[in-house]
Amino acid sequence: MATDTSTEPRHGGGRDAPAARRLSAWLKGYRPLPGVPDELFDEHGRPRDRWIAFLGEFAAHTEGAFGIATRHLRDTGASHRVYGEDHEQTWPIDPLPLILDQAEWDEITAGVTQRANLIEAVLQDIYGEGKLVSEGALPAAALAGSPDFLRSMVGAKPAGGRYLQLYAADLGRGPDGRWWVLDDRTQAPSGAGYALQNRLVVSRAYPALYNSMNVHRVAPFFDAFRKGLSEAGDRSDPRICLLTPGPFSQTYFEQAHLARYLGFLLVEGDDLVARDGKVYVRTIAGLKRADVILRRVDADFLDPLELNTSSRLGTPGMLEAIREGGVAVMNMPGSGVMESRALLGFMPQLARRLLGEELKLPNVATWWCGQPRERDLVESTLEDLIVAPAFNTPNPDGGFAGPRLVADMSPDERAAFMRKFADRPGDFVGQDVVRLSTMPVLRDGKLEPAPFVLRVFAAATPDGIKILPGGFCRMSDRTDVRAISMGEGARTADVWVIDEKPVERLTLIPSRDDVKVRRILGHLPSRAADNLFWLGRYIERAEATLRLVRSLCTSLMASEAAIHASGETFDTLRRLLVEWGALDEKTMASSVLEAARASLHDETAWGSVISLVRSAKRTASGMRERLSPDFWALLLELEADLGGDEVLGSEAEALKQVEDALQHLAGLSGLSQENMNRVAGWRFLDMGRRIERGVNICRFTRMLAHDKATLDDLDLLLDLADSQITYRARYLVGLALTPVRDLVMLDPYNTRSLAFQLTTLKDHLSVLPTLQDDGMLEEPSRILLPLATEVETEDARRLDADKTHRWERALMRASGAIADRFFLQGANAVPTVKLVGLA
Amino acid sequence: MIYGLRHRTTYSYSDSVSFARCVLRLTPRSSASQTVLESSIRVTPRPSMRQERTGAFGAQMVTVMVDRPHDTLVIDARSRVDVHTPPPPDAISSLPWEAVRGLAFENRDIGPEGPANYLYATNRTQLVPRITDYARESLKPGRPIVAAVSELMSRVYRDFRYDPGATEVSTPVWQAFDARHGVCQDFAQIMISGLRGLGVPTAYVSGYLRTIPPEGQPRLEGADATHAWVSVWCGEAAGWVGFDPTNDILAADDHIVLAVGRDYADVAPIDGVILATGAQTLKVEVDVVPEDGT
């Protein structure tokens, strides 16, 4: 590139020589694409000041910092899911942000604000009076073709008065240097949470640089967004839910992240119940009203009763509740109709008609071919155009989908397209080809230009439309940027809007004094209680299995316990592993090392440690917004350690791994004891652990402290109950049946004993909410209270296997009773059968 | 002709159902071709909530909620309807079908009667090139729409075998087309797919057909069935015209319209969601009784 790279940057003095050389090499090696504008170099081929200011500092200090920041991303599980794949992928963020100056940003702000207002006005009309259609400004067929034109919402008034709470526009800079609107996102725009995530990573990676460049903060936008949502509710302190399609959604991480950041309740369709014209959340304290729902579920799936009857993501009766005004669902179902490309071509006239203004940001020139004149125009200039489906109709037979450059089509594709176009031109739009501008990205240490699309977010707030200063930037490897989606190896970048003067620093701290002090954040949803309970059980079971494997390994090593390897104790150990699904019969008979390996790593065994950890992770992933990032990071690390392909060469290595894993689990327990608020959520996690531990100790006692138990048996039992030290300190005489039984079963001071688990469970139940208003006990307490009393008053000399077994079964019953009382029992709604045949 | 109609649906559950919520489209609608004299729907057990509203395609919809345990749910709809279908437009002098297509795309009515609603593919009625080509053989360039669609109807009647039990409500249109058999719903869907494939506005109609018992035999109680056919928009003047491919006739005074929509999903007599674990069975009894006693 023939440029004047000697231009001395004005910022960042004191740069060292290697950094200056690096910067110079980056700039010299940078080759913008011919014919399109570039963000780094201006039209005269000179690098822009704001980029030099950034790159200079970046070259000097901060390159290495980015690696650390992105590792944090991986550790905290920031991810997205490529459609159709099982595994989530780590979030692909580029170290360089897109940098825009204030003047340019002001234009974008004005343009996107105008467009948000325009789209709101169009929606108000088409779902209200319908003048645009009846007076001929919009053909009825241009609306009717969209699966998101919801006729059942015509005439319904949105509870908050608005259709759009959050709107996003995909922008690209065209060859003329202007910004163009490529697409509107009105259904349930994604990406704001990722923008937040990108900002956290980048500002963490280079805090000094970030602060020195006067970058506009994003927190005030989210604060205003939240205020806007709460205004939509009709109570002063509305319960706001974020409705997610669930952990298998492509952007689940983003949804969980947003919910946690904004303090919204993350719910799935099953968590909600519609009745009497309102929507409620199922919580452990019964049904609680959901006032405002920010939905990430597409409208068609919201209500299996009225819309897509095969939907498993929705809530039957939700639309009725919306029509009755009992719940504000944002964006209003039906808003998605504005994503139809067919409507793009009408936007300039609609702006004149509804706002009396010209569009401040043009949208890409688009012709809907359902009109004869437009069809003829497109047909005659087909070679130079992109053709695209006019509506977001799912395409069942594959075939033609997404925007295509006609010139790129193969003869067969073209023939197929021409046939469809001839019969049904109204299914298509023709669009001008917009070649998008490029921005620098770092690839293999070199600076390269990449085309990009910028998603800008607009929120309706009490003070009008607010624009997120920044946004969600996606870059493509390909030149056809119109097809950028997160599934195609695209990368993302933070977006910096640079002010000339220092910006006000503000995070989410409310400015007014009217914040009500509260210590408990609403009622725990039943689903979260369910997940936490099972997370507790899985973690405890994993720990117990690890202890079994440890005993298996040490049985061969510890000199005093070498006898374990022979005899019945050893068999008991292996049999337990088989009964718990950690080992199969065949592997049980092989060497100790094989058995240990299998119990730790066998992914096909449901009870192996790796399987249990994965179950714990899967359970945790359904409520990531409730777990601290540290908790999640430890869980991921544990999975990585156990799931690695390293082969354990000896019992000693196996033992080392078991010890490491036990330490990880101790870390998880520590975190949940010390870092989780002692509200209902923590209680369910702990109850899961206590139930599991209580059941396990009963079982171990039955198998190892029976009337004919050997010294080895008792020794192993104390190992599994982690009670060796206590026993040895208390009883100098050595192992004996009655004191061992007392210690592991009845001693209320031993945190591993059955008695201790029961006392703790009793405490938890006594503070959880009750549904009874007649002062009667609920079922879990009816089971646990007498059990706890019986154990408390039992004498170890009379404790036999039958009694232990009875207690174990009572605990299992208590677990079921807790599930029945608190979880989403019986929530599996099914559609009624349809007529099998018609005449 | 005045008809007494009875449409009784019985759900039986193997395990008790604690909660049911249903949308019922069981109230016939008055229109140019019929007048509803009386109608009522009775649900047993008694619903704890019941609401009525006009649906997106003009049908009267009743939403009911039953929230006490039950093992049988009976929905009994009765009505009296006076059918007076105007004579069909003259086949030869109707508009050329391409002109109808052009008018439909320009039309300014987005309400239930607006042709624009009935131009596109739906989840249940996809547009399939081979079905479009099948329809094309009847929709020759410049041909009057009523004549062209009548011929298409006759071909469907001839080319496809009526075979109850061969298909289900969920059978995709191409499957019935390829197998060359089906019931009224399949034939209606084939017409819809073929005509919309060429841009002709076509609606799905559910309703009842008067059946005439064999000579000398009494009409059997509950022996009638719900029926389905199509309605094609033939331009502003001619309006909507009903074509019944199962019987190769234009809809007239023997056809009583229950609901009109883009596909079966818009007109399904009952959509329901229940909380249940066990199996469910369904029985439907329909009686169409002409009041003159025949």
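Computed from a predicted model, the values in this text were never measured in an experiment. (Residues numbered from 1 in each chain as written. Chains lettered and ligands numbered in written order. Predicted model: local features only at pLDDT ≥ 70, side-chain atom pairs only at ≥ 80, totals over all residues.)

Assigned secondary structure in chain B consists of six helices and 15 strands. Computed over C-alpha atoms, the radius of gyration of chain B comes to 20 Å, within 12% of the 19 Å expected from 2.2 N^0.38 for 294 residues, which places it in the range of a compact globule. Judged by the C-alpha coordinates and their principal axes, chain B covers about 60 × 40 × 40 Å. Taking all 294 residues of chain B together, 50% fall into the buried category. Long-range pairs, those at least 24 residues apart, make up 75% of the contacts in chain B between residues at least 6 apart in sequence. (Helix = DSSP H or I, 4+ residues; strand = E, 2+ residues; numbered from the N terminus. Rg over C-alpha atoms; globule rule 2.2 N^0.38 Å. Buried ≥ 20, exposed ≤ 12 C-beta atoms within 10 Å, placed from the backbone. Contact = placed C-beta atoms within 7 Å.)

The subject of this paragraph is the overall build of chain A. In terms of helices and strands, chain A carries 27 helices and 23 strands. Taking all 839 residues of chain A together, 51% fall into the buried category. A sequence separation of at least 24 residues applies to 72% of the contacts in chain A between residues at least 6 apart.

Residues and elements named next belong to chain A. Position of Ile386 relative to the elements: it lies in strand 14 (residues 385–389). A count of 21 C-beta atoms within 10 Å places Ile386 in the buried class. Placed 45 residues apart in sequence, Ile386 and Gln431 show a C-alpha to C-alpha distance of 5.0 Å.

Within a sheet, each strand pairs with its neighbour through backbone hydrogen bonds, oriented either parallel or antiparallel. All names here are of chain A. Spatial ordering of the open sheet is given by 7-6-11-12, a layout of four strands whose pairing is parallel. At either end of the open sheet lies a strand with only one pairing partner, and these are strand 7 (265–267) and strand 12 (328–330). The mean inter-strand angle of the sheet, taken between neighbouring strand axes irrespective of direction, is 25°. Relative to strand 7, strand 6 (residues 240–243) is paired through three bridges, and the arrangement is parallel. (Pairing = 2+ DSSP bridges. Axes fitted to C-alpha atoms, helices over the stretch in contact; angles between N-to-C directions.)

Turning our attention to the sheet that holds strand 6 (residues 70–83) of chain B. Residues and elements named next belong to chain B. Read from one edge of the open sheet, four strands run 3-6-1-15, paired in antiparallel fashion. What marks the edges here is a single partner per strand, and that holds for strand 3 (34–44) and strand 15 (280–290). Across the sheet, the mean angle from the axis of one strand to that of its neighbour is 10°, orientation sign disregarded. In this sheet, strand 15 lies alongside strand 1 (residues 2–17) in antiparallel orientation, the contact comprising eleven bridges. Bridge pairing in strand 15 places Gly4 opposite Val289.

Residue and element names in this part refer to chain A. Alternating positions in strand 11 (residues 292–295) separate into two faces, Val292 and Leu294 on one and Ile293 and Arg295 on the other, with burial throughout. Of the pairings in the sheet, the one linking strand 6 to strand 11 comprises four bridges and is parallel in character. Following the sheet pairing, Cys241 is matched in strand 11 by Ile293. In this fold, the crossover linking strand 11 to strand 12 by way of helix 10 (residues 318–323) has right-handed handedness. (Right-handed = clockwise from strand over helix to strand, strands pointing away.)

The next point concerns the domain arrangement of chain B. Residues and elements named next belong to chain B. Domain assignment breaks chain B into domain 1 (2–83 + 269–290) and domain 2 (97–265). Centre-to-centre separation of domain 1 and domain 2, based on C-alpha positions: 24 Å. With 19 residues of domain 1 in contact, the opposing surface of domain 2 contributes 16 residues. Where the side of domain 1 that touches domain 2 is concerned, the elements lending two or more residues are strand 1, strand 6 and strand 15. No other element matches the five residues that strand 15 contributes to the side of domain 1 that touches domain 2. Its residues assigned to classes, the side of domain 1 that touches domain 2 comprises eleven nonpolar, four polar and four charged. (Domains from an automatic or database assignment. Nonpolar A, V, L, I, M, F, W, Y, C, P; charged D, E, K, R; others polar.)

Counting residues at the interface gives 38 residues for chain A and 49 residues for chain B. Elements represented by at least two residues in the side of chain A that touches chain B include exactly helix 4 (131–134), helix 5 (140–144) and strand 23 (829–831) of chain A. In terms of residue class, the side of chain A that touches chain B is built from 19 nonpolar, 13 polar and six charged.

This next bit is on the confidence of the model for chain A. Should pLDDT be low for a region, the predicted coordinates there are not to be read in detail. Residues and elements named next belong to chain A. Summary statistics for chain A give a mean pLDDT of 85 and a share of 87% for residues scoring 70 or more. Predicted confidence is poor over residues 1–13, with pLDDT under 50, and the contacts of this stretch with residues over four places away or in other chains come to 24 contacts. In this model, residues 559–565 is a region of pLDDT below 50 whose contacts with residues beyond four sequence positions or in other chains number eleven contacts. (pLDDT = per-residue confidence, 0-100.)

What follows concerns helix 1 (residues 97–106) of chain B. Among the residues making up helix 1 of chain B, those that are buried are Trp97, Val100, Arg101, Ala104 and Phe105 of chain B. Projection of helix 1 of chain B onto a plane perpendicular to its axis shows the buried side chains occupying an angular sector of 130°, all on one side. Packed against the buried residues of helix 1 of chain B are helix 5 of chain A together with helix 3 (145–159) and strand 10 (226–233) of chain B. (Arc of directions from axis to C-beta.)

Before going further, it helps to spend a moment on the environment of Asn308 of chain A. All names here are of chain A. With respect to the element layout, Asn308 can be found in the loop between strand 11 and helix 10. Judged by the 18 C-beta atoms lying within 10 Å of it, Asn308 is partly exposed. Every residue in contact with Asn308, bar those within four places of it in the chain, is listed here: Asp300 and Phe301.

Looking now at the pairing of strand 19 (residues 464–467) of chain A. Residues and elements named next belong to chain A. Direction of pairing for strand 18 (residues 446–461) relative to strand 19: antiparallel, over a ladder of four bridges. By the bridge assignment for strand 19, Ala460 is matched with Ile465. Linkage of strand 18 to strand 19, two consecutive antiparallel strands, is achieved through a turn of two residues.

This paragraph deals with unusual backbone geometry. Omega for the peptide link from Met330 of chain A to Asn331 of chain A comes to -10°, which places this bond in the cis form. Note that Asn331 of chain A resides in the loop between strand 12 and helix 11 (347–355). A cis amide bond links Thr44 of chain B to the next residue, Pro45 of chain B, at an omega of 0°. Inspection of the secondary structure assignment puts Pro45 of chain B in the loop between strand 3 and strand 4 (49–54). Phi at Arg180 of chain B is positive, roughly 60°, even though this residue is not glycine.

Looking at the secondary structure, you find Asp763 of chain A in helix 25 (residues 754–767). Along the primary structure Asp763 of chain A and Thr186 of chain A are separated by 577 residues, whereas in three dimensions their C-alpha atoms are 48 Å apart.

Between two packed helices, both the angle of their axes relative to each other and the distance between the axes serve to describe the pair. All names here are of chain A. Across the interface, helix 18 (residues 609–621) lies against helix 19 (residues 629–643) with an axial gap of 10 Å and an inter-helix angle of 150°. Here helix 18 is positioned roughly antiparallel relative to helix 19, judged by the angle of their axes. Where helix 18 crosses over helix 19, the two elements pack in a sense that is left-handed. Two secondary-structure elements touch here, helix 18 through Val609, Ile610, Val613, Arg614, Ala616, Lys617 and Ala620 and helix 19 through Trp632, Leu635, Leu638, Glu639, Leu642 and Gly643. (Parallel < 35°, antiparallel > 145°, perpendicular 65-115°, else oblique. Left-handed = near helix turned anticlockwise from the far one by under 90°.)

This paragraph deals with the confidence of the model for chain B. Residue and element names in this part refer to chain B. The predicted model of chain B averages 91 in pLDDT, with 97% of residues at 70 or higher. Averaged over each element, pLDDT in chain B is lowest for strand 14 (residues 270–275) (84) and highest for helix 3 (97). The ipTM assigned to the predicted complex is 0.93, against a pTM of 0.85.

We now examine the packing of helix 25 of chain A against helix 26 (residues 779–792) of chain A. All names here are of chain A. The geometry of helix 25 relative to helix 26 is characterised by a closest axis approach of 9 Å and an angle of 145° between their N-to-C directions. Helix-helix and strand crossings are classified by hand; for helix 25 and helix 26 the assignment is left-handed. Between helix 25 and helix 26, the contacting residues are Leu754, Ala755, Leu758, Thr759, Leu761, Lys762 and Leu765 on the first element and Pro780, Ser781, Leu784, Leu785, Leu787, Ala788, Val791 and Glu792 on the second.

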